[in-house]
Amino acid sequence: MSNSKFFIKPVILAGGSGKRLWPTSRKKLPKQFIKLIGEETLFQQAVGRVNADKFPIYEKAMVLAHHDYRFIAREQLNELRDCEHLIVLEPCSKNTAASILAACLLTEKDSNKDKLILTLPADHLIMDDNEFNSMVERAAEIALTGNFVCFGVRPTGPNTAYGYLKTDKKNVSAGARKVIKFHEKPDLNTAKEMIGSGDCFWNSGMFLFQAQQLISVMKKKYPEQLQLVARAIEAMEKDLDFLCLDQESWEGLEELSVDHAVMEHIDNLIMLPLQTKWADLGSWTAVQEECAADTDGNSLIGDAFAMHCHNSLLRSESDRIKLVGVGLQNIIAVATDDAVLVLDKKHDQQLKLLVEHLEHNNTPQATDFKKVYRPWGYFESLSKAEGFQVKRIVVNVGGKLSLQSHFHRSEHWVISTGTAVIVLDDKVITKSVGESVFIPLGAKHSLENQGKVPLTIIEVQIGSYLEEDDIVRYSDIYNRI
């Protein structure tokens, strides 16, 4: 990377719900926070891609995420040992235009006039970070002359899951083309025609521009949106190390994509074709294309086995389920602890509709996992019936549950790994592996891991009502009272 005179603020959009990769991805833990390809989550890969220490054209990133994902995002940044990024929390999803506008307004006050905004979805797969950032540096030179820059992907086939960019075949500069028109996700015949023309690219959804330019477009086209986002910033509050946008102002916004709100209305949008492999992993078919396959075209992930199968993905995400396929052709099969998906690939774009149907029918698996993440760690239900529930609770090093009590249940804790520091009414108790403690109904109690290894306890609940809302919190280091 050359010594640049400009600075780029990466803005990572991490608020999506990821319905198209159910049952692995759900509202409570969407695909950007899951290890789909490789040893890091897609969110972690996106953050690492714009690492300021490795690529000096960048400042620390700004992360925009839904309020529900704040602790997940923070924990995954901690795992990277890259904790200095600003996390801005949205009270609800209003699509990309509002998120990106908020990032621009937050950045605008910076004294560096040449600072640029690079918007990156948190759920994309990019295989070569060095090549990608070389392209960003080239794009920055174009953006500094007053242009918006987008990154196009040369189509490999008539895919109806992507938006398309129609470009002028005449290059503005080496490889760069002017965008003539946006095409939303087309039908198959239209997609074939666009590919045949040779001047259409897939829209990757990544943009580079000067903050003030986007603000100016929004001020002209959507002044009420601009005012509401500005109010949401003026009234935002700090919560721990998060910035929380004002809920009332944010809820008044329209749901607009940045494509519709800005990019379709400008005549200075320049497209640079990506030179590295890219995928948005928007379907299980897309995921399989990035996985290793056997000689029959099958991808087997986890405890999975295939016999006489062809071109199929079998993925088991449970250590309790062995997934076996026999005689399958073009099938996606995904097993989790509480749900199994069997899908013909030709219907993979309908998965979002399936999840919405499950949500409409109040199916818990549509949004929730048996493993539930909390800022201190996670818990999972092992067994539940009338009058009792058994949970496994894992508390991270330094994690602490709130001081709380319950109206309807007592609890019995058995320590299986680590050491627990327990507050029980006016007592402080330390328990180690094999030891236990009884929490009577109504007793104030908390649990803390002051050790150097994760703390695991088996909890047996007894009572007439065993749901998570039977909690009265008295104090909490994560501000959840």
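Structural data are supplied above this passage.
Below or above, wherever it landed, is the structure these notes cover. The numbers attached to residues start from 1 for each chain and follow its sequence in the written order. Where totals are concerned, whole chains, interfaces and linings use all residues; where local detail is concerned, this predicted model gives features only for residues with pLDDT of at least 70, and gives and counts side-chain atom pairs only at 80 or more. Hydrogens and water are ignored here; the side-chain numbers use all heavy atoms of the structure.

1. Re the side chain of Arg70
Phase 1: In this fold, Arg70 is placed in helix α2 (residues 70-79).
Phase 2: Lacking a salt bridge, the buried Arg70 has Asp239 as its closest oppositely charged neighbour, with an N-O distance of 4.4 Å.
Phase 3: In protein, a polar contact requires one atom able to donate a hydrogen and another able to accept it; more generally it is a pair of N or O atoms within 3.5 Å, and residues adjacent in sequence count only if both atoms are side-chain atoms. At 2.9 Å, the side chain of Arg70 forms a polar contact with the backbone oxygen of His67.
Phase 4: The contact rule is simple, with two residues in contact once any of their heavy atoms fall within 4.5 Å. Beyond its immediate stretch of four places on either side in the chain, Arg70 contacts Leu89, Asp239, Phe242 and Arg480. Labels follow the DSSP assignment, with helices taken as runs of H or I lasting at least four residues and strands as runs of E lasting at least two, numbered in each case from the N terminus. We call a residue buried when its accessible area falls under 20% of the maximum for its residue type, exposed when it is over 50%, and partly exposed in between, using a 1.4 Å probe and counting protein chains only. Note on charges: Lys and Arg go in the positive column, Asp and Glu in the negative column, and His and the chain ends are not counted at all. Whenever a carboxyl oxygen of Asp or Glu lies within 4 Å of a side-chain nitrogen of Lys or Arg, that contact is scored as a salt bridge.

2. Quick notes on the nonpolar core
Phase 1: Residues Ile8, Phe43, Phe151, Leu208 and Trp284 are the most contacted members of the largest nonpolar core, which totals 94 residues.
Phase 2: It is helix α4 (residues 129-143) that contributes the most residues to this core, seven residues altogether.
Phase 3: Not counting the four nearest positions on each side in its chain, Ile8 is found in contact with Ile57, Tyr58, Glu59, Leu116, Leu118, Val136, Ala140 and Leu208. To form a nonpolar core, buried Ala, Val, Leu, Ile, Met, Phe, Trp, Tyr and Cys residues must be joined to one another through side-chain atoms within 4.5 Å.

3. A word on the packing of aromatic side chains
Working definition: an aromatic ring pair is given by the centre-to-centre distance plus the angle between the planes.
Phase 1: The rule is short: rings of Phe, Tyr and Trp, with Trp giving its six-membered ring, pair when the centres are within 6.5 Å, and they are stacked under 30 degrees, edge-to-face over 60, tilted in between. Across all of its chains, the model carries nine aromatic pairs by this definition.
Phase 2: Considering the side-chain rings of Phe71 and Tyr478, the 5.8 Å spacing of their centres and the 75° angle between planes classify their relative orientation as edge-to-face. With Phe71 in helix α2 and Tyr478 in the segment after β30 (472-475), the pair connects residues that are 407 residues apart, well separated along the chain. Considered together, Phe71 and Tyr478 belong to a single accessibility category, that of buried residues.
Phase 3: Seen from their ring centres, Tyr373 and Tyr378 are 5.8 Å apart, and the 50° between their planes marks the pair as tilted.
Phase 4: For Tyr373, a relative accessible area of 35% puts it in the partly exposed group.

4. A few points about the packing of helix α3 (residues 95-108) against helix α6 (residues 211-221)
Phase 1: For the pair α3 and α6, interaxial distance at closest approach is 9 Å and the crossing angle is 125°. In terms of orientation, α3 lies oblique with respect to α6. As α3 packs across α6, the resulting crossing turns out to be left-handed. In this structure, α3 contributes Ile100, Leu101, Cys104, Leu105 and Glu108 to the contact, and α6 contributes Ala211, Gln212, Leu214, Ile215 and Met218. Under this scheme, a helix contributes an axis fitted over its contacting stretch, all axes are lines through C-alpha atoms, and angles between N-to-C directions fall in the 0 to 180 degree range. Angles are sorted into four bins: roughly parallel if under 35 degrees, roughly antiparallel if over 145, roughly perpendicular if 65 to 115, and oblique for all others. Should the near helix be turned counterclockwise from the far one by less than a right angle, the crossing is left-handed, whereas a clockwise turn marks it as right-handed.

5. Considering a nonpolar patch on the surface
Phase 1: Here a patch means residues that are over 30% exposed by relative accessible area and free of salt bridges, tied together within 9 Å if like-charged and within 5 Å if nonpolar (Val, Leu, Ile, Met, Phe, Trp, Tyr). All accessible-area figures derive from a Shrake-Rupley calculation using a 1.4 Å probe, and residue coverage is judged against the displayed protein chains alone. A cluster of nonpolar side chains, Phe305, Met307, Val324 and Val326, forms an exposed patch at the surface whose accessible area comes to about 360 Å².
Phase 2: Counting residues per element, the ones that place at least two in the nonpolar patch are β15 (304-307) and β17 (323-326).
Phase 3: Summarising the element assignment, Met307 is placed in strand β15.

6. Some points on the environment of Ala52
Phase 1: Within the fold, Ala52 resides in the loop between α1 (42-49) and β2 (62-66).
Phase 2: Its relative accessible area of 21% is what places Ala52 among the partly exposed residues.
Phase 3: Note: C-alpha distance between Ala52 and Leu341 (289 residues apart in sequence) is 40 Å.
Phase 4: For Ala52, the residues in contact, after removing those within four places along its chain, are Tyr58, Glu59 and Lys60.

7. Focus on unusual backbone geometry
Phase 1: The amide bond that connects Trp22 to the next residue, Pro23, takes the cis arrangement and shows omega of 5°.
Phase 2: Residue placement: Pro23 occurs in the loop between β1 (8-13) and α1.
Phase 3: Despite not being glycine, Asn95 has its phi angle at roughly 75°, a positive value.
Phase 4: Topologically, Asn95 is positioned in helix α3.
Phase 5: Exposure remark for Asn95: the relative accessible area of 34% places this residue in the partly exposed category.

8. As for the pairing of strand β29 (residues 455-463)
Phase 1: The criterion for strand pairing is that DSSP finds at least two bridges linking the strands in question. Bridge count between strand β22 (residues 388-395) and β29: eight bridges; the pairing is antiparallel. If you follow Val394 over to β29, its bridge partner there is Thr456.
Phase 2: Where strand β24 (residues 409-417) meets β29, eight bridges bridge the pair, whose relative direction is antiparallel. Bridge assignment links His412 to a residue of β29, and that residue is Val460.

9. Quick look at the state of the cysteines
Phase 1: A pair of cysteine sulfur atoms is labelled a disulfide when the two atoms are within 2.5 Å. One pass over the full model with this rule turns up zero disulfides.
Phase 2: Of the cysteine sulfurs around Cys200, a residue in no disulfide, the closest is that of Cys150, at 12 Å.
Phase 3: We note that Cys244 lacks a disulfide partner, and the nearest cysteine sulfur, in Cys92, lies 13 Å from it.
Phase 4: When its relative accessible area of 14% is taken as the criterion, Cys244 is described as buried.

10. Examining helix α11 (residues 351-360)
Phase 1: Of all the positions in α11, only Leu351, Val355 and Leu358 are classed as buried. Around the axis of α11, the buried residues are gathered within 60° of arc, so they sit on the same side. Facing away from the buried side of α11, by more than 90 degrees, are the exposed residues Leu353 and His360.
Phase 2: Looking at the buried residues of α11, the elements they touch are α10 (284-289) and β19 (340-344).
Phase 3: Phi for Asn362, located one or two positions after α11, is positive at around 55°. What the arc covers is the set of directions going from the helix axis to the C-beta atoms.

11. Here we look at the sheet that holds β29
Phase 1: Spatial strand order, β20-β21-β22-β29-β24-β27: six strands in an open sheet with antiparallel pairing. Of all strands in the sheet, those with a lone pairing partner are β20 (371-374) and β27 (436-439), marking the two edges. Here the strands of the sheet are splayed against their neighbours by 20° on average, with no regard to which way each runs.
Phase 2: Note that strand β21 (residues 377-385) and β22 share eight bridges and pair antiparallel. Across the sheet, the residue bridging to Ser383 is Val390, located in β22.

Interpretation in functional terms is not warranted from these geometric data alone.
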